[in-house]
2 protein chains.
Amino acid sequence: MNFAVLASGNGSNLQAIINAIKKKKINANLKLVVSDKADATALVRAQKAKIATCTINPKNFDTREDFDRKILEHFKEFPIDFVVLAGYMRLLSPYFIQQYFHKIINIHPALLPSFKGTHGIREAFAYGVKVTGVTVHVVTEDMDAGPILAQEAVKITTKDTLESLTEKIHRVEHRLYPRVIDWFAKSLSRRQIGPGRL
Amino acid sequence: MNFAVLASGNGSNLQAIINAIKKKKINANLKLVVSDKADATALVRAQKAKIATCTINPKNFDTREDFDRKILEHFKEFPIDFVVLAGYMRLLSPYFIQQYFHKIINIHPALLPSFKGTHGIREAFAYGVKVTGVTVHVVTEDMDAGPILAQEAVKITTKDTLESLTEKIHRVEHRLYPRVIDWFAKSLSRRQIGPGRL
């Protein structure tokens, strides 16, 4: 199974994925890293690991779908079987999601359906929950609302700061995401995953 | 510290509280159990433990506040320092909540802010989350949205049914609620808890 990672930033989850592939903890081939930001550290991490990269500038496209069609063009070369979002800050178009129906997964730094959106860690901390966590889910057209594949709880103690919590969450992400990616690739290679099959 | 329990149903959390008091795991006095249902098993449990009970029939009152004023009248006899909700199915009036400002606590069978409302267990199970849990929180005028005192995570495995999950949640409730009640009574006896102090 071939997969692509879409990333916009630092790419620490991408690094965890690259490390897991090297240790054969993920039995699938990361063929391509796509970024919408030319200065994403994720690109440097990919290049160091000798993984193909491409940067696509949203400014060159009129619509979200045009942009996503460009990504899909790049995918054809390999071809890509499934897609892993890792700190990718753009919403995917319905077209893209349909092309990879139930073959796109994302990681969210909270226990969905709590604290959806781009500030999951900060909002959980501010709310004062005592338990938050990490969610890996299938990407559907409703943001952060697709079928949940895995979740892990993270306790917030009175000693935690936003920084210490962020670190704890990232540690869980880096352990959980590779495991789920490996499992997801196996599931896909065994059968076509369709709606309601997860 | 004297407290009252408000209950509408089976009262399994009330039973856990009664047991914890007997074992001196709660160092506060449960003086009164109030129910809005004459046939609540909670009343039988209280009577067996020789705790005063009263049933108040909502049909005899025009407004929610009138009903709650009747409860507060009963409280004066002891008097009651704080209030514990245990499967109490009525919303409290703003008047009642102001009278016991930050002195009313509730237990919710999910990890708030997820799955608010009366079907926390069922809705979490139907959603397909892999982690749910139990929340103890201070009761404010926004339902299930007051400051969180304690949370504990409960895993949902592929083997779980709604029944097995319900049992797991209840087990955690019966362990967590007495601990938090004891802690809450201690906090109250040390200092007046005001807004923003929790």
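Here's what I pulled together on the structure shown here. Everything numeric here is computed off the predicted structure, so don't read it as measured data. In this numbering scheme, every chain counts its residues from 1 along its sequence in written order. Here the convention is simple: chains get letters from A, ligands get numbers from 1, in the order in which they are written. In keeping with the predicted nature of the model, local features appear solely for residues at pLDDT of at least 70, side-chain atom pairs appear and are counted solely at 80 or more, and the whole-chain, interface and lining totals rest on all residues. The side-chain quantities take in all heavy atoms of the structure and omit both hydrogens and water.

**Description of the overall build of chain A**
- Under the scheme used here, helices are H or I runs from DSSP no shorter than 4 residues and strands are E runs no shorter than 2 residues, and both carry numbers assigned from the N terminus. Assigned secondary structure in chain A consists of 6 helices and 7 strands.
- Walking chain A from its N terminus toward its C terminus, one meets helices and strands in the order β-α-β-α-β-α-β-α-β-α-β-β-α.
- C-alpha atoms of chain A, sized along the principal axes, occupy 50 × 40 × 35 Å.
- Per-residue burial for chain A yields a buried fraction of 49% across its 198 residues.
- Residue contacts are defined here by distance: any two heavy atoms, one from each residue, within 4.5 Å place the two residues in contact. Long-range contacts, defined here as pairs at least 24 residues apart, represent 63% of the contacts in chain A between residues at least 6 apart.
- Only the protein chains shown count as covering a residue, and every accessible area follows the Shrake-Rupley method with a 1.4 Å probe. Taken as a whole, chain A presents about 9,600 Å² of accessible surface, with 49% of it coming from carbon and sulfur. Burial classification: accessible surface area is computed with a 1.4 Å probe over protein chains only, and a residue below 20% of its type maximum counts as buried, one above 50% as exposed, and the rest as partly exposed.

**Remarks on the relation of the copies chain A and chain B**
- In superposing the copies, a least-squares fit is computed on C-alpha atoms, taking residues whose pLDDT is at least 70 in both. Mapping chain A onto chain B calls for a screw motion: a turn of 180° about the axis and a shift of 0.0 Å along it, with 0.0 Å RMSD after fitting. Such a combination of rotation and displacement between the chain copies is what one expects of a two-fold axis. It is Ser114(A) whose C-alpha, among those of chain A, lies nearest the rotation axis, at 2.6 Å.
- Taken together, the interface assignments show that 100% of the residues at the interface of chain A recur at the interface of chain B, consistent with an identical surface on both copies.

**Some words on the interface of chain A and chain B**
- Contact with chain A, which involves 18 residues of that partner, is made by 18 residues of chain B.
- With both chains or domains summed, chain A and chain B bury close to 1,300 Å², and 62% of this area falls on carbon and sulfur atoms.
- Buried area, as used here, totals the accessible surface that two parts lose on assembly, with accessibility defined by a 1.4 Å probe and the loss added over both. Contact with chain B buries area across many residues of chain A, yet Pro113(A), Tyr127(A) and Lys130(A) alone supply 37% of it, more than any other trio.
- Any carboxyl oxygen of Asp or Glu within 4 Å of a side-chain nitrogen of Lys or Arg constitutes a salt bridge here. At the junction of chain A and chain B, the tally comes to 0 salt bridges.
- A 3.5 Å cut-off defines polar contacts: any pair of N or O atoms within that distance qualifies, except that in protein one atom must be a possible hydrogen donor and the other a possible acceptor, and neighbouring residues in sequence count only when both atoms are side-chain atoms. Viewed at the interface, chain B and chain A are joined by 5 residue pairs in polar contact (both at pLDDT 80 or more).
- No other element matches the 6 residues that strand E7 (residues 148–155) of chain A contributes to the side of chain A that touches chain B.
- Of the residues in the side of chain A that touches chain B, the class split is 12 nonpolar, 3 polar and 3 charged. Classification convention: Asp, Glu, Lys, Arg as charged; Ala, Val, Leu, Ile, Met, Phe, Trp, Tyr, Cys, Pro as nonpolar; all other residues, Gly among them, as polar.

**Describing the pairing of strand E1 (residues 2–7) of chain B**
Residues and elements named next belong to chain B.
- Here E1 lies mainly inside the structure; 6 of its 6 residues are buried.
- Along E1, one buried face is formed by Asn-2, Ala-4 and Leu-6 and the opposite face, lined by Phe-3, Val-5 and Ala-7, is buried too.
- Across 6 bridges, the pairing between E1 and strand E2 (residues 29–35) is parallel. When the sheet's bridge partners are listed, Leu-6 is paired in E2 with Val-34. When DSSP finds at least two bridges between two strands, those strands are taken to pair.

**Considerations on the pattern of salt bridges**
- All chains considered together, the criterion is met by 12 salt bridges over all chains.
- For Lys186(A), the salt bridge identified is with Asp182(A), shortest N-O distance 2.7 Å. A residue pair is termed a helical-turn pair when its members lie 3 or 4 positions apart in one helix, as Lys186(A) and Asp182(A) do in helix H6 (residues 162–190) at 4 residues.
- Relative accessible area serves as the criterion here: at 10%, Asp182(A) is assigned to the buried category.
- Where Asp160(B) meets Lys168(B), a salt bridge forms, and the shortest distance between an N and an O atom there is 2.6 Å.
- On the accessibility criterion, Lys168(B) (22% relative accessible area) is partly exposed.

**With respect to the sheet that holds strand E3 (residues 52–55) of chain B**
Residues and elements named next belong to chain B.
- One open sheet holds the 7 strands; their spatial order is E3-E2-E1-E4-E5-E6-E7, and the pairing between them is mixed. Looking at which strands have only one partner, the edges of the open sheet turn out to be E3 and strand E7 (148–155). Adjacent strand axes in the sheet meet at a mean angle of 20° when their direction is disregarded.
- Across the sheet, helix H2 (residues 41–48) lies against E1, E2 and E3, angled at about 155° from E3, the strand it touches most. Structural elements are reduced to axes, namely lines fitted to C-alpha atoms, with helices fitted over the stretch in contact, and the angle between N-to-C directions of any two is expressed from 0 to 180 degrees.

**Digging into the environment of Val180(B)**
All names here are of chain B.
- Within the fold, Val-180 resides in helix H6 (residues 162–190).
- A relative accessible area of 6% means that Val-180 is categorised as buried.
- Expressed as a C-alpha distance, the spacing of Val-180 and Gly-9, which sit 171 residues apart in the sequence, is 21 Å.
- Ignoring any residue separated from it by four or fewer positions in sequence, one finds Val-180 in contact with Val-136, Leu-149 and Ala-150.

**Regarding the sheet that holds strand E4 (residues 82–85) of chain A**
Residues and elements named next belong to chain A.
- One open sheet accounts for 7 strands, arranged E3-E2-E1-E4-E5-E6-E7; its pairing is mixed. The outermost strands of the open sheet, each flanked by one partner alone, are strand E3 (52–55) and E7. Across this sheet, the average inter-strand angle for adjacent strands is 20°, counted without regard to direction.
- On the sheet, H6 packs against strand E1 (2–7), E4, strand E5 (104–108), strand E6 (131–138) and E7 and is oriented at approximately 160° with respect to E7.

**Details of H2(B)**
All names here are of chain B.
- When H2 is considered as a whole, its buried residues turn out to be Ala-42, Leu-43, Arg-45 and Ala-46. Taken down its axis, H2 places every buried residue within 160° of arc, on the same side.
- Buried residues along H2 sit in contact with E1, helix H1 (12–22), E2 and E3.
- Positive phi appears at Lys-50, one or two residues downstream of H2, with a value of about 60°. It is the directions from the helix axis to the C-beta atoms whose arc is reported.

**Quick notes on empty space enclosed by the protein**
- Lining residues are those with an atom within 4 Å of a point, where the points come from a 1 Å grid over the protein atoms alone and group into cavities, where a 1.4 Å probe fits but cannot get out, or pockets, open sets with protein on both sides within 12 Å along at least five of seven lines. Grid points are joined across faces, edges and corners, and a volume is the space filled by probe spheres set on the points. Summed over all chains, the structure comprises 1 cavity of 30 Å³ or more.
- Size it by volume and the largest cavity reaches roughly 100 Å³.
- Around the largest cavity sit 15 residues that line it, and Leu111(A), Ser114(A), Leu111(B), Ser114(B) and Val131(B) are the ones nearest its centre.
- At the level of elements, E6 of chain A together with strand E6 (131–138) of chain B are the ones that each hand at least two residues to the lining of the largest cavity.
- Of the residues in the lining of the largest cavity, the class split is 11 nonpolar, 4 polar and no charged.

This is a description of form; function is not addressed.
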